[in-house]
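Observations on the model geometry
Here are the chains, one letter per residue:
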Amino acid sequence: MPLLQYEAPTSLAQARQALAGRSDAKILAGGTDLLVQMRLGLRDPALVVDIKHVPELMEITLGEQGLRLGAAVPGAVVTDHPEIGQLYPGFVEALGLIGSSQIQGRCSAGGNLCNASPAADCVPALIANRATCNIMGPDGERTVAVEAFNTGPASNCLAADEILVSIDLPRPGPRSSDAYLRFIPRTEMDIAVAGAAVALSLDEAGVCIDARVAIGAVAPTALLVPAAADALIGGTLDEDSLNRASAAASEAAAPITDKRGTVEYRKKVVGVLVRRAAGVAKARIEATS
Amino acid sequence: MAKVIFPSDLQAFTGDTAEVEVTSVNYRDLVAELSGRYPALTEEAIRKHALAIDGMIIHNPFLEAFNSDSELVFFAKIAGG
Amino acid sequence: MSINIQTDFKTVGTRPIRPDGPDKVTGRAKYGADLNLSGMLYGHIVRSPHAHAVIKSIDFSAALAMPGVVATMSAEDLPEPGDRILPGAEIEMKLKDISPIIMARGKVLFHSQAVAAVAATSESLAAEAAKRVVVEYEVLPHVLDVHAAMADDAPLVHDDVFTQGIDPAPTRPSNLSADFEMAKGDIEAGFAEADLVIERTYNVPMCHQGYIEPHACVARSDENGKIEIWCCTQGPFMVRNMTAEITGIDLGKIKVTASEIGGGFGGKTTVYVEPVATILACKSGRPVKIVMSRDEVFRASGPVSSAETQVKIGAKKDGTLTAIKTDILMDSGAFSSSPILPATMFAAACYRCDNMHSRGREVLTNKPKAWAYRAPGAPQSIMAVECAVNELAQGLGIDPIDFRLLNAVEEGDVPLFGVPFQSIGLKQSLEAAKNHPNYQAALEQNQGRGVAAAFWINAGLQSSATIHVAEDGSLNVLTGNPDIGGSRASMAMLAAEVLGIPVETVRPSVVDTDSVGYCDTTGGSRTTLATGSAVMKAAGMLREELKHRAAAIWNVDIKEVEWYDGMAVVHSGIGIDELRDELRAGTAGRNPEKVLTMAELAAQAGATGGPLTASASVHAHSAQPSFAVNICDVQVDRDTGKVDILRYTCVQDAGKAVHPAYVEGQMQGGAVQGIGWALNEEYLFNDQGVLENAGFLDYRIPVASDLPMIDTVIVEVPNPLHPFGVRGVGEVPICPPMPAVATAVNRAAGTQLYDLPLSPPKLLAAIEGAGADNEAA
Ligand SMILES: Cc1cc2nc3c(=O)[nH]c(=O)nc-3n(C[C@H](O)[C@H](O)[C@H](O)COP(=O)(O)OP(=O)(O)OC[C@H]3O[C@@H](n4cnc5c(N)ncnc54)[C@H](O)[C@@H]3O)c2cc1C
């Protein structure tokens, strides 16, 4: 029987070396996807590279520009952080929805993104926040917008020897906030049937001057829905603009029918979630200004 | 005389009779009396059932006795969970 | 028959901490998979990839070629079941319906049925070896849907099953394994009398008991041919019996020790892995452990029959029921084992009605063999009748609890199954529900309320108990019933009550099949009643023995010795009443001339005849029905179809609650399981008969945050046949939730959706459908 090899590099350079030329390796962050998949026999790597000892992947830097979040930082560290939740409440609530306390002690935003599940909760919230990915490969670094990172269910743009190092979230402007909502048949420990993230900026008069809408679990990857954002921008999040944003999201959704929901159901519900998430984000802005 | 009530599966052997009176005052005699009266109603078919004697359900009534005014109901054995 | 029922208790009715609690909350308790023996091998079962196929050959050579693979097995290693009936089982079971679940013989009848097994030196090696067992199949057409299975040209699951219950007996085999009817009165005349008749079809899906601990066992054989099995089960004696029958090993050579058990709910009243581990252990000469994965548990242990029930029910304007007709169609999976009988018998057992008709049909399909789940069969058919009763009451403008009070059965009434009711607590439970503040709580928009009542018969059966007195006067109480719901606590309390001693001085244990007399399985709500009766009987015998010992010490006649408050007292000098008063007042002091405690009697046991011990057994005839009433309030999200449970109230007649907290636990647990079955739980098969949601992610049992605190009210109408009035409590709690939830949801949503589960996509479609209907109207 083949043995499983395990490496725990302590620098990016070592990590790169461990991965070099290996197509049979898997990166291990929290392992809450990878280990489960290995147990189910869905993945069978010969080498596991644990990246939790690489400083860049475990760092949180919050500055003028915004947040740089190490790709392997556990969810619990982010949700307990005193400031991140104020700047990106929707992103933090998405991260906070993952699993349970035990899972959150392990799971990372980077792993959530790299795993490339269409239903991953963090991803729409990252997209709504204009997040970008810092990727390190044999030929150096490159940057990719989160909405372009995943290419389909369980597939992303990384080459076998590339590592997601960190995720950048730009600092939101004044009178801005975000929200993420997902629909599950239970209250927790479940997988999104549909998800929606909305990031908003309002002017003093309450008119929406900027918006980003992203939806999850309703297409092969999480989608940015510019048409939904356009419906919100210029209005006051009135019934009419909410209806149009909701309809645009339903329209953009391209879900499948499976054991978790039908096409019709997911299209309808994702629209409902966009409307409700916009309401939550607006209320957050109003509450803080 | 004690009164016997048959469930529908046993009625198939009694020519649809649902209720009869018997002279027996114990289970052993009851089985003989009933299988004598209804040849199709075998001892084996009877023993597949529990017997309720005046509301008390007895899973294996082999040695049970009852009164001449008792009400006896054959009762399908069912499993719990 | 009537007996004196005790009403004044010292221990019964209190809430001591359960003796098994600390081990369970600290993780010390040993469950099925926790035992490891040196030299142990791991077994892995090869399962069918097809829903219906002939097994043409099994080739183990590649697996056996792997170093570390020690033994293999298939149905070849088991005796032919023939027409043998399993001896000693509660109900008639054919070995040929059980043995193929352990190992398929000739054919596989459902996906994931066990076909072969291997034992190897590690778990991963065994799993790998199982993959290398080559099984050649000839795939046969399969049938999954009950209606399709009844068609003339349907593939036959068995070619030797002829419909039971129809006259004349059919000459052609079919998948309709049973079709029977029960009736009383004149059903058509009853409907003619009715002012309002409701007629509707209700669907309850196939589900799983959802116990958290998967089946697990270790088996060992020795040079004398003695087999030892450690396993997680509801019934170690059942495991001994079934393993003996299935493997052909003498029952007397098998000893079974039950581990702690992480839930069973009926699902662990049969065997899946024990005979396999036993054969592998015999063939390898080494201990063999088998632990089912969650996936295997879902696919290959007994799920719970689905049911399609048609109800027609009529009442007069004043609310009097005039006729109740039910027609139940159950999916039994690949073998006849569904609870169609109780479903048919008990569907409307809560109601007094002169005209009733109930038909039950059981259908075989290429799905896993159905097995028991709390109150087997009753939840499915009661769901239908209770929903219909709610609609009828609403149609007549009568409060649903008042409607039930008007028609509820009471002592002397004769239900469809013929056995007249003794003293029962349905009306009292309905009154308690009506008076509960939750029934008065105001409902807002999109909220709804549902009420349901339910019946379950409860079992008695056989049990044994042994009590030993230690040298310090403390007690060991030994029984053979695994403790699923707090039964150790109730055994200790019953012994303490009979002997009048502190419950803390009683150590209850669940022991192996060599160490106590036969006990039927922990199930059928029978343990506190039946095994408890054996404990009470043994405690009573011990009490008499203790009096004799005291009489010997005092050298007085036994007639002069009384047992009072856990002590022997002699009343030679003064009258017993006087003595009691003295003892109560504490003025009797500790005069050993008058009083001997348990400890003192135990200390002198050697001088008075040897160790103090008593054993007793019963075949309990004292089981009596339980009734329950639930009230459920929900809120429906009209945009997503999501249901939130706002308030949930369980009322139940426990007869006498020995340990009220554990009775409440049974009520709450049953409510939660019923809520899950109503809202989300269901088996989803694809068209190849492969289960698509074989895990807790997509088989959605409720999580704690889905539920409010479940409120409970224990009603106590004593069981007239039990000296303390105890009734079984473990099963009836799962009977009312489905109709209570379904009614509440439909009231909140303005829908008529009776196709469970009421999952969000289905409910949203129904809401939109109902909206469209209203607009059209
Ligand atoms: C009980 C349970 C509940 C869950 N609930 C949810 C939920 O509610 N919502 C949700 O979205 N998810 C859920 N998940 C899935 C999982 O927890 C999340 O996707 C989590 O964020 C994954 O993070 P991780 O660090 O554990 O990833 P890992 O499992 O370590 O990695 C996931 C994948 O990404 C790759 N990878 C990880 N880091 C990098 C990197 N830096 N560079 C390149 N590749 C990388 C790995 O090779 C692997 O393929 C749940 C999982 C479990 C077990």
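This one's a predicted model, so the numbers in the text were calculated from it and none came from an experiment.

1. Thoughts on the nonpolar core
By size, the foremost hydrophobic cluster in this structure holds 113 residues, and its most contacted members are C:Phe346, C:Phe417 and C:Tyr648. Top contributing element to this core by residue count: helix α11 (residues 378–396) of chain C, with 11 residues. If we skip the residues at most four places from it in the chain, C:Phe417 touches B:Val73, B:Phe75, C:Met182, C:Met345, C:Phe346, C:Ala349, C:Phe455 and C:Ile457. Within the second largest apolar cluster, 58 residues are counted, among which are C:Ile45, C:Met103, C:Ile227 and C:Met238.

2. Brief notes about helix α2 (residues 27–37) of chain B
All names here are of chain B. For α2, every residue scored as buried is listed here: Tyr 27, Leu 30, Val 31, Glu 33 and Leu 34. Of the surrounding secondary structure, the elements contacted by the buried residues of α2 are β1 (2–5), β2 (19–22), α3 (43–47), β3 (49–53) and β5 (71–76). With a side-chain oxygen positioned 3.1 Å from the backbone nitrogen of Arg 28, the residue opening α2 is Asn 26.

3. Some remarks on the arrangement of the chains
Counting contacts across all 2 pairs of chains that touch, the top-ranked interface belongs to chains B and C. At the level of C-alpha atoms, the two units chain A and chain B stay apart, their nearest approach being 27 Å.

4. Examining the domain arrangement of chain A
All names here are of chain A. According to the domain assignment, chain A consists of domain 1 (5–50), domain 2 (55–170) and domain 3 (176–288). Taking only C-alpha atoms into account, the centre of domain 2 sits 20 Å from that of domain 3. Summing both partners gives a buried area of about 2000 Å² for domain 2 against domain 3, and 57% of it is carried by carbon and sulfur. Per-residue buried area on domain 2 facing domain 3 is highest for Pro 118, Pro 124 and Ala 128; these three make up 24% of the total on that side. With a shortest N-O distance of 3.3 Å, Glu 147 and Arg 212 are connected by a salt bridge. Taken together, the connections running from domain 2 to domain 3 amount to 12 residue pairs in polar contact (both at pLDDT 80 or more).

5. Quick notes on a nonpolar patch on the surface
Together, A:Val36, A:Leu40 and A:Leu42 line one region of the surface with nonpolar side chains, adding up to about 330 Å² of accessible area. Secondary-structure assignment places A:Leu42 in the loop between α2 (34–39) and β3 (47–50).

6. Some remarks on the interface of chain B and chain C
Taken together, the contact between chain B and chain C spans 20 residues of the former and 32 residues of the latter. Of the roughly 2100 Å² buried between chain B and chain C on both sides combined, carbon and sulfur atoms contribute 66%. Among the residues of chain B in contact with chain C, B:Met56, B:Ile78 and B:Gly81 are the three that bury the most area, contributing 29% of the side total. Here chain B and chain C share 1 salt bridge between them. For B:Lys48, the salt bridge is made with C:Glu92, and the minimal N-O distance between the two is 3.6 Å. Taken together, the links from chain B to chain C amount to 6 residue pairs in polar contact (both at pLDDT 80 or more).

7. Let's talk about the interface of chain C and chain A
On the chain A side, the residues contacting the 25 residues of chain C number 18 residues. Roughly 1900 Å² of surface becomes buried between chain C and chain A when both sides are summed, with 57% attributable to carbon and sulfur atoms. When the buried area of chain C at its contact with chain A is split by residue, C:Thr640, C:Lys642 and C:Arg700 rank highest and sum to 25% of it. Applying the counting rule to chain C against chain A returns 6 salt bridges.

8. Overview of the site of the ligand
All names here are of chain A. Near the ligand you find 31 residues, and of these Ile 27, Thr 32, Asp 33, Ser 108 and Asp 121 are the closest. Leu 34 has a polar backbone atom sitting 2.7 Å from an oxygen atom of the ligand. One nitrogen or oxygen atom from the main chain of Gly 99 is found 3.0 Å from a nitrogen atom belonging to the ligand. The fraction of the free accessible surface of the ligand (980 Å²) that becomes covered by protein chains is 89%.

9. Quick look at the packing of aromatic side chains
Geometry of an aromatic ring pair is reported as the spacing of the ring centres plus the angle between the planes. Residues and elements named next belong to chain C. One pass over the full model with this rule turns up 21 aromatic pairs over all chains. Judged by centre distance (5.0 Å) and plane angle (50°), the rings of Phe 298 and Tyr 699 are tilted. Separated by 401 residues along the polypeptide, Phe 298 in helix α9 (residues 294–300) and Tyr 699 in the loop between α19 (660–679) and β26 (710–715) bring together distant segments of the chain. Taking the centre distance of 6.0 Å and the plane angle of 70° together, the rings of Phe 421 and Phe 455 count as edge-to-face. One end of the pair, Phe 421, is in the loop between α12 (400–407) and α13 (426–434); the other, Phe 455, is in strand β16 (residues 447–456), with 34 residues separating them in the sequence. Both residues of the pair, Phe 421 and Phe 455, belong to the buried class.

10. A short note on the pattern of salt bridges
The final tally for this structure, using the stated rule, is 68 salt bridges over all chains. Here C:Glu128 makes a salt bridge to C:Arg132, at a shortest N to O gap of 3.5 Å. Residue C:Arg132 is classed as partly exposed on the basis of its relative accessible area of 37%. A cluster of three or more residues bridged by salt bridges with shared partners is formed by A:Arg186, A:Asp190, A:Lys259, A:Arg260, C:Asp698 and C:Arg700.

11. Observations concerning the pairing of strand β7 (residues 140–145) of chain A
All names here are of chain A. The pairing of strand β6 (residues 132–137) with β7 spans 6 bridges and is classified as antiparallel. Across the sheet, Asn 134 pairs through a bridge with Thr 143, a residue of β7. The hairpin turn running from β6 into β7, its antiparallel successor, is 2 residues long.

12. Here we look at the sheet that holds strand β24 (residues 626–636) of chain C
Residue and element names in this part refer to chain C. With respect to topology, 4 strands assemble into an open sheet ordered β16-β24-β25-β26, the strand pairing being mixed. Each having just a single partner strand, β16 and β26 make up the two edges of the open sheet. Neighbour to neighbour, the strand axes of the sheet diverge by 15° on average, direction disregarded. The pairing of β16 with β24 spans 10 bridges and is antiparallel. Note that in β24 the partner of Ala 452 across the bridge is Asn 630. Packed onto the sheet, α13 meets β16, β24, β25 (643–653) and β26 and runs at close to 30° relative to β24. Strands in contact with α19 are β25 and β26; relative to β26, the strand with the most contacts, it is inclined by about 130°.

13. Some details on α12(C)
Think of an α-helix as 3.6 residues a turn; residues three or four steps apart then line up on the same face. Residue and element names in this part refer to chain C. For α12, the tally of buried residues reaches 6 of 8 residues, placing the bulk of the element in the interior. Looking only at α12, the buried set comprises Pro 400, Ile 401, Phe 403, Arg 404, Leu 405 and Asn 407. Each element contacted by the buried residues of α12 is listed here: β13 (307–315), β14 (321–331), α11, α13, α14 (437–440) and β16. Two or three places before Ile 401, at the opening of α12, Asp 399 has a side-chain oxygen 2.8 Å from that residue's backbone nitrogen.

14. What to know about the sheet that holds strand β20 (residues 561–564) of chain C
Residue and element names in this part refer to chain C. Taken in spatial order, the 3 strands make up an open sheet running β20-β21-β22, and their pairing is antiparallel. Lying at the two open borders of the sheet, with one neighbouring strand each, are β20 and β22 (595–597). Strand-to-strand twist across the sheet, computed as the mean angle between neighbouring axes with direction ignored, equals 25°. Alignment of strand β21 (residues 567–570) against β22, held across 3 bridges, turns out to be antiparallel. Within β22, the position partnered with Met 567 by the bridge is Thr 597. Sheet strands in contact with helix α16 (residues 527–554) are β20, β21 and β22, and its direction is about 130° off that of β20.

15. Details of the environment of C:Val385
Residue and element names in this part refer to chain C. By secondary structure assignment, the location of Val 385 is in helix α11. Judged by relative accessible area, which is 0%, Val 385 ranks as buried. Those residues in contact with Val 385 that sit more than four places away from it in its chain are Val 311, Thr 326, Ala 347, Ala 348 and Tyr 351.

Conventions adopted
Residue indices begin from 1 for each chain and proceed along its sequence in written order. Chains and ligands are labelled sequentially in the order written, the chains with letters from A and the ligands with numbers from 1. With pLDDT at 70 or above as the cut-off, local features in this predicted model cover only qualifying residues; side-chain atom pairs require 80 or more to be listed or tallied, and sums for whole chains, interfaces and linings still use all residues. Excluded from the side-chain calculation are hydrogens and water; included are all heavy atoms of the structure. Definition of nonpolar core: a set of buried residues of the types Ala, Val, Leu, Ile, Met, Phe, Trp, Tyr and Cys, connected through side-chain atoms within 4.5 Å. Only protein chains enter the accessibility calculation, which uses a 1.4 Å probe. A residue is then buried if its area is under 20% of the maximum for its type, exposed if over 50%, and partly exposed in between. Under the scheme used here, helices are H or I runs from DSSP no shorter than 4 residues and strands are E runs no shorter than 2 residues, and both carry numbers assigned from the N terminus. Contact definition: two residues touch when any of their heavy atoms are within 4.5 Å. Under this definition, polar contacts are N or O atom pairs within 3.5 Å; protein pairs additionally need one hydrogen-donor-capable and one acceptor-capable atom, and for neighbouring residues in sequence, both atoms have to be side-chain atoms. For the domains described, the bounds stem from an automatic or database domain assignment. The buried area of a pairing is the accessible area, by a 1.4 Å probe, that goes missing from both parts when the two are put together, added over both. The term salt bridge refers to a pairing of a side-chain nitrogen on Lys or Arg with a carboxyl oxygen on Asp or Glu at a separation within 4 Å. Like-charged residues within 9 Å of one another, or nonpolar side chains (Val, Leu, Ile, Met, Phe, Trp, Tyr) within 5 Å, are grouped into patches, provided each residue has over 30% relative accessible area and no salt bridge. The Shrake-Rupley method, run with a 1.4 Å probe sphere, supplies the accessible areas, and residue values consider only the shown protein chains as cover. We call a residue near a molecule or strand as soon as one heavy atom of that residue lies within 4 Å of the molecule or strand. What counts as a ring pair is set by centres within 6.5 Å for rings of Phe, Tyr and Trp (its six-membered ring), and what kind of pair is set by the plane angle: stacked under 30 degrees, edge-to-face over 60, tilted for all other angles. For two strands to be treated as a pair, DSSP must find no fewer than two bridges joining them. Each axis is a line fitted through C-alpha atoms, and for a helix only the stretch in contact is used; angles between axes span 0 to 180 degrees, taken between their N-to-C directions.

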